[in-house]
Protein chains: 2
Amino acid sequence: MAKSNAPITEHLAYLLAQANREINRQLELRLSKEGVPVEQWRILKVLSDGDGHSMGDLADAVLLNHPTLTKMIDRMVSDALVYRVQDPNDRRKVLMFISDRGKVLCKKLNSLAVDQEEHILESYGDKSTSELKRLLESLIDSSN
Amino acid sequence: MAKSNAPITEHLAYLLAQANREINRQLELRLSKEGVPVEQWRILKVLSDGDGHSMGDLADAVLLNHPTLTKMIDRMVSDALVYRVQDPNDRRKVLMFISDRGKVLCKKLNSLAVDQEEHILESYGDKSTSELKRLLESLIDSSN
DNA sequence: CTTCAATTGTTGAATATTCAATATTTTCAA
DNA sequence: TTGAAAATATTGAATATTCAACAATTGAAG
């Protein structure tokens, strides 16, 4: 039986929040070299496959809710990183695409992100990293 | 060598964000029964030791930055869950304490949170959970 | 001692996020 | 075929967060 008086630092929810906050902070720091928030990097990366993604799909993929995504996309369209196309098969939908400018930026961001992953591998270890990834994936799976 | 064209779902930062989002959403759902955001539960839990905690310490412990914490504490003071005392040893500091009312609420919240942890244990497994916790702690350690 | 830098917490303005309501299009049952 | 319900994206108002500036206190060097 779980103890209700356990310190907060022993709760899974807290450990996840703490780890996420720290890793995200580090990534943020790298990406700030290009003046881009983490969410925009995610968006560019998802759109990098060249396919059109609806706003709904994209929102799920980049962990943002719809209105937040809409407004972030507005900014990215202003910056000419992505563009909207109405889905010809279902005109309720908007398909998002990455622009050439977006692709160029995405490459730079990818190398900054890889830089971070390598840094983690060094200090945290190869074994631990892949084991952690495996466990996280499995946790996410079991939560659906 | 890490691949820069790896899908975003393979990045540790993304997996952490995704897992954190999901687990936090579940916890939020439970705590909403008492109308309390997750951060307030964390605050109450940290203050449950009965000691006075400065705003700075508290901000670190509950993963909020200072201005956000100040404003959340303002609300909690209005709700009579916590109270401020000026630190007699260092009058720049404010020491936060939990009230009796806060303690009562905290107990209810704890059992809701334990409920969630038990639910995770069931669907995700005892072994995986403790192994994941261990790896997260170690990741956090190695990031300092 | 005095003064200047560092620490601590709060405030207000700027920014971002969220919730509820809306508009548009599609689906599907009658 | 029509009309109601569902799906999709956006908008605007309400709310929350963040950044930079501020005030108060302490520490420490000269």
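Description of the structure in this document. (Residues numbered from 1 in each chain as written. Chains lettered and ligands numbered in written order. Predicted model: local features only at pLDDT ≥ 70, side-chain atom pairs only at ≥ 80, totals over all residues. Heavy atoms only, no water.)

### A short note on the overall build of chain A
Argument step 1. Check the secondary structure of chain A and you find six helices and three strands.
Argument step 2. What you see in chain A, going N to C, is helices and strands ordered as α-α-β-α-α-β-β-α-α.
Argument step 3. Seen through its C-alpha atoms, chain A measures out along the principal axes to roughly 55 × 35 × 25 Å.
Argument step 4. Entry remark: accessible area of chain A is about 7700 Å², with carbon and sulfur atoms responsible for 48%. (Helix = DSSP H or I, 4+ residues; strand = E, 2+ residues; numbered from the N terminus. Areas by Shrake-Rupley, 256 points an atom, 1.4 Å probe, with all protein chains shown as cover.)

### Concerning the relation of the copies chain B and chain A
Argument step 1. If you rotate chain B by 180° and push it 0.0 Å along the axis, it lands on chain A with an RMSD of 0.0 Å. Expressed as a symmetry operation, the mapping of one chain copy onto the other fits a two-fold axis. (Least-squares fit on C-alpha atoms with pLDDT ≥ 70 in both.)

### Some details on the pattern of salt bridges
Residues and elements named next belong to chain A.
Argument step 1. All told, the structure shown has 14 salt bridges over all chains when counted by the stated rule.
Argument step 2. With its nearest N and O atoms 3.8 Å apart, the salt bridge here joins Asp100 to Lys103. With Asp100 and Lys103 both in helix α5 (residues 100–124) and three residues apart, the pair spans about one turn of that helix.
Argument step 3. Residue Arg134 is joined to Glu131 by a salt bridge in which the shortest nitrogen-to-oxygen separation is 3.0 Å. Of this pair, Arg134 and Glu131 both sit in helix α6 (residues 126–142), separated by three residues, roughly a single helical turn.
Argument step 4. Residue classification places Arg134 among the partly exposed residues on the basis of a relative accessible area of 46%. (Salt bridge = Lys/Arg side-chain N within 4 Å of Asp/Glu carboxyl O. Buried < 20%, exposed > 50% of the residue type's maximum accessible area, 1.4 Å probe, protein only.)

### With respect to the protein's contact with DNA strand C
Argument step 1. In the neighbourhood of DNA strand C, 19 residues make up the surrounding shell, with Lys71 and Arg92 of chain A together with Gly56, Thr70 and Lys71 of chain B lying closest.
Argument step 2. Of all atoms in DNA strand C that approach within 4 Å of the protein, 67% are sugar or phosphate atoms.
Argument step 3. Separating a base oxygen of DNA strand C from a side-chain N or O atom of Lys71 of chain B is a distance of 2.8 Å.
Argument step 4. Note that a phosphate oxygen of DNA strand C is positioned 2.9 Å from one of the side-chain N or O atoms of Arg84 of chain B. (Near = heavy atom within 4 Å. Polar contact = N/O pair within 3.5 Å; in protein donor to acceptor, adjacent residues only side chain to side chain.)

### Observations concerning the protein's contact with DNA strand D
Argument step 1. Surrounding DNA strand D, one finds 19 residues, the nearest of these being Gly56, Lys71 and Arg84 of chain A together with Lys71 and Arg92 of chain B.
Argument step 2. Arg84 of chain A is positioned such that a nitrogen or oxygen atom in its side chain is 2.8 Å from a phosphate oxygen of DNA strand D.
Argument step 3. Within the side chain of Arg92 of chain A, one N or O atom sits 3.3 Å away from a sugar or linking oxygen of DNA strand D.
Argument step 4. Of all the secondary-structure elements, those providing two or more residues to the surface near DNA strand D are α3 (55–62) and α4 (66–78) of chain A together with α4 (66–78) of chain B.
Argument step 5. Among the residues forming the surface near DNA strand D, the class breakdown is four nonpolar, six polar and nine charged. (Nonpolar A, V, L, I, M, F, W, Y, C, P; charged D, E, K, R; others polar.)

### Section: the interface of chain B and chain A
Argument step 1. Across the boundary between the two partners, chain B contributes 54 residues, which contact 54 residues of chain A.
Argument step 2. Buried area between chain B and chain A, summed over both chains or domains, comes out near 5000 Å², and the portion from carbon and sulfur atoms is 70%.
Argument step 3. Along the contact surface separating chain B from chain A lie zero salt bridges.
Argument step 4. Counting the contacts that link chain B with chain A gives 16 residue pairs in polar contact (both at pLDDT 80 or more).
Argument step 5. Secondary-structure elements contributing two or more residues to the side of chain B that touches chain A are α1 (12–31), α2 (38–47), α3 (55–62), α5 (100–124) and α6 (126–142) of chain B.
Argument step 6. It is α1 of chain B that provides the largest number of residues to the side of chain B that touches chain A, a total of 14 residues.
Argument step 7. Partitioned by chemical class, the residues of the side of chain B that touches chain A number 28 nonpolar, 14 polar and 12 charged. (Contact = heavy atoms within 4.5 Å. Buried area = accessible area lost by both parts, 1.4 Å probe.)

### Overview of α4 of chain B
Residue and element names in this part refer to chain B.
Argument step 1. Over its 13 residues, α4 extends 18 Å from the first C-alpha to the last, a length consistent with the 18 Å expected when each residue adds 1.5 Å.
Argument step 2. Those residues of α4 hidden inside the fold are in contact with α2, α3, β2 (82–86) and β3 (94–98).
Argument step 3. Where α4 terminates, the next one or two residues include Ala80, which has phi positive at roughly 60°. (Expected span 1.5 Å × (residues − 1).)

### As for the side chain of Gln40 of chain B
Argument step 1. With respect to the helices, strands and loops of the structure, Gln40 of chain B is situated in helix α2.
Argument step 2. Those residues within four positions of Gln40 of chain B in sequence are excluded, and the remaining contacts are Met72, Met76 and Leu81 of chain B.

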